[in-house]
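Each chain, written out:
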Amino acid sequence: MSKIKKVLIIGSGIAGPITALALRKAGIASTIYEAYPTSADGIGGALTLAPNGLDALRLIGVHKEVAAIGQPISRMVIDNSQGKQLCEFNGLDGSEPSQVVWRSDLNGALADLATKNAIDIVYGRRLVSVSETPAGITAYFADGSSASGDVLIGADGIRSTVRALIDPDAATPEYTGLLGFGGRVPAAGVAGRSDSMHFAFGKEAFLGHWDTPEGETIWFGNLPHETALTAAQARAIPSAHWLVQLRAAYADDQPGCALLARTVPEQLIIVGAAEMLSKVEHWSKGRMVLVGDAVHAPSSSSGQGVSLAAESAVELARCLRDIPDLGSAFAAYERLRRHRVETVAASAAKTNRNKKQRPVAKALMQLLLPLALKTFLTPDKMFGAFHGHRIDWDASVKA
Ligand SMILES: Cc1cc2nc3c(=O)[nH]c(=O)nc-3n(C[C@H](O)[C@H](O)[C@H](O)COP(=O)(O)OP(=O)(O)OC[C@H]3O[C@@H](n4cnc5c(N)ncnc54)[C@H](O)[C@@H]3O)c2cc1C
């Protein structure tokens, strides 16, 4: 039984509220402190919750609420640059469909669920520093306020302040060389069915798209770009400018060309630099520990960012529930998670390299892919280790 009375969680993005809900299930109270004055309404693109992430949410009792705001996707299709299907896969046998969800909807829904479960979210509190004593930890915020507790969890995203407080020399995000964009186009009906996510390796750039039951087509793509621009920096440049560049990148591809032609500047979603964080040496120090993108951001190419964040939140709660000594609990958490998250990150880095391949290499890959899928590349081999991961909430974690 845990002796922890209060946990301070820094960041109310995705990992923050999930960690708070998992801790609550473990009988541990927490308060979330978020830098921004409100939840991120309307900001960001779409995220995929894979079966492993959905299962982690089921363990803490919020699966239904999250599935209610998502769109189930049970089929993945890989197309060539002219929209011709190269291959398709259904999910793993016995697995539920993935859910595509808007990041802002997920952020809002998780914040509401936390509040309904008597978890306080204090907005407008940007963590700047901490002080620690043998008895506890105090967080100091940019507005001059402070809060004290037994443990401080950094769920503060890829540019984590807590990570830098744990280790000033900690890894910083690596730019993948790609900027992320998306768009909504009315009634394009490209895919023809709403349970399928399409991925196309175009001549210049990668494009993904899916149709919604309401008849919209949503697309997302990566534009190779020399300099890393944050979402705010990229949004400061007019959408019309980006549309010109995107239309040029997709000029020879279908359906990319058609989708870009129909995208109006107001419907362009600018996500900014695709970044990843592959290896963080120190996951914890004293009473501080990291969760979510703050410690493992595998790049959006993995389709696993949110799902890994949910898994880690649940595993951290189990460790704090079962192991009274904090150092031992954090070590057990890292032992349960490090190998898995670094494997996913390495796989996503490989996908990013494929996205930036020159046309000849892409053509060769497209030629070989159907053969590979007919022979050795089964859905189980491709997704089994990622999508099939399950956590046993009731099993006791040993130090
Ligand atoms: C506004 C926004 C939009 C996003 N859009 C996309 C997208 O379109 N596609 C995609 O793949 N991923 C997107 N992401 C990232 C995605 O949410 C994460 O990869 C993933 O869900 C893991 O979530 P996380 O909670 O660990 O990190 P995040 O979702 O980044 O949440 C971290 C939270 O911590 C807060 N925070 C940061 N520093 C401090 C501080 N010092 N003190 C207090 N609070 C702090 C942030 O404001 C944020 O709310 C977005 C993130 C944000 C913040």
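In this text, all values refer to a predicted model and were calculated from it rather than measured experimentally.

Asker: Where do I start with the pattern of salt bridges in this structure?
Answerer: Where charged atoms from two side chains of opposite charge come close, those side chains can pair. Going through the model one piece at a time under the given rule, you end up with 15 salt bridges. Between Glu-275 and Arg-159 there is a salt bridge; the shortest N-O distance is 2.5 Å. With Glu-275 in strand E17 (residues 268–276) and Arg-159 in the loop between strand E12 (151–154) and helix H5 (161–166), this residue pair connects regions lying 116 residues apart in the sequence. Exposure remark for Arg-159: the relative accessible area of 52% places this residue in the exposed category. The network of salt bridges with shared partners includes Asp-55, Arg-58, Glu-96 and Arg-390.

Asker: Would you explain the packing of helix H1 (residues 15–25) against helix H9 (residues 305–322) in this entry?
Answerer: When two helices pack together, their arrangement is given by the angle between the helix axes and by the axis-to-axis distance. Orientation of H1 relative to H9, taken along the N-to-C sense of each, is 35°, at an axis distance of 8 Å. Handedness of the H1/H9 crossing: right-handed. Contacts from Ala-15, Ile-18, Thr-19, Ala-22 and Leu-23 of H1 reach H9 at Ala-309, Ala-310, Ala-313, Val-314, Ala-317 and Leu-320. When the residues that make up the contact of H1 with H9 are grouped by side-chain class, the tally is ten nonpolar, one polar and no charged.

Asker: How should I be thinking about the site of the ligand in this particular structure?
Answerer: Inspection of the region around the ligand gives 27 residues, with Ala-15, Glu-34, Gly-45, Arg-103 and Asp-293 positioned closest. Take Ala-35: an N or O atom from its main chain is 3.1 Å from a nitrogen atom of the ligand. In isolation the ligand exposes 920 Å². Once the protein is present, 81% of that is buried. Considered class by class, the residues forming the shell around the ligand number twelve nonpolar, nine polar and six charged.

Calculation rules
- Residues numbered from 1 in each chain as written.
- Predicted model: local features only at pLDDT ≥ 70, side-chain atom pairs only at ≥ 80, totals over all residues.
- Heavy atoms only, no water.
- Salt bridge = Lys/Arg side-chain N within 4 Å of Asp/Glu carboxyl O.
- Helix = DSSP H or I, 4+ residues; strand = E, 2+ residues; numbered from the N terminus.
- Buried < 20%, exposed > 50% of the residue type's maximum accessible area, 1.4 Å probe, protein only.
- Axes fitted to C-alpha atoms, helices over the stretch in contact; angles between N-to-C directions.
- Left-handed = near helix turned anticlockwise from the far one by under 90°.
- Contact = heavy atoms within 4.5 Å.
- Nonpolar A, V, L, I, M, F, W, Y, C, P; charged D, E, K, R; others polar.
- Near = heavy atom within 4 Å.
- Polar contact = N/O pair within 3.5 Å; in protein donor to acceptor, adjacent residues only side chain to side chain.
- Areas by Shrake-Rupley, 256 points an atom, 1.4 Å probe, with all protein chains shown as cover.

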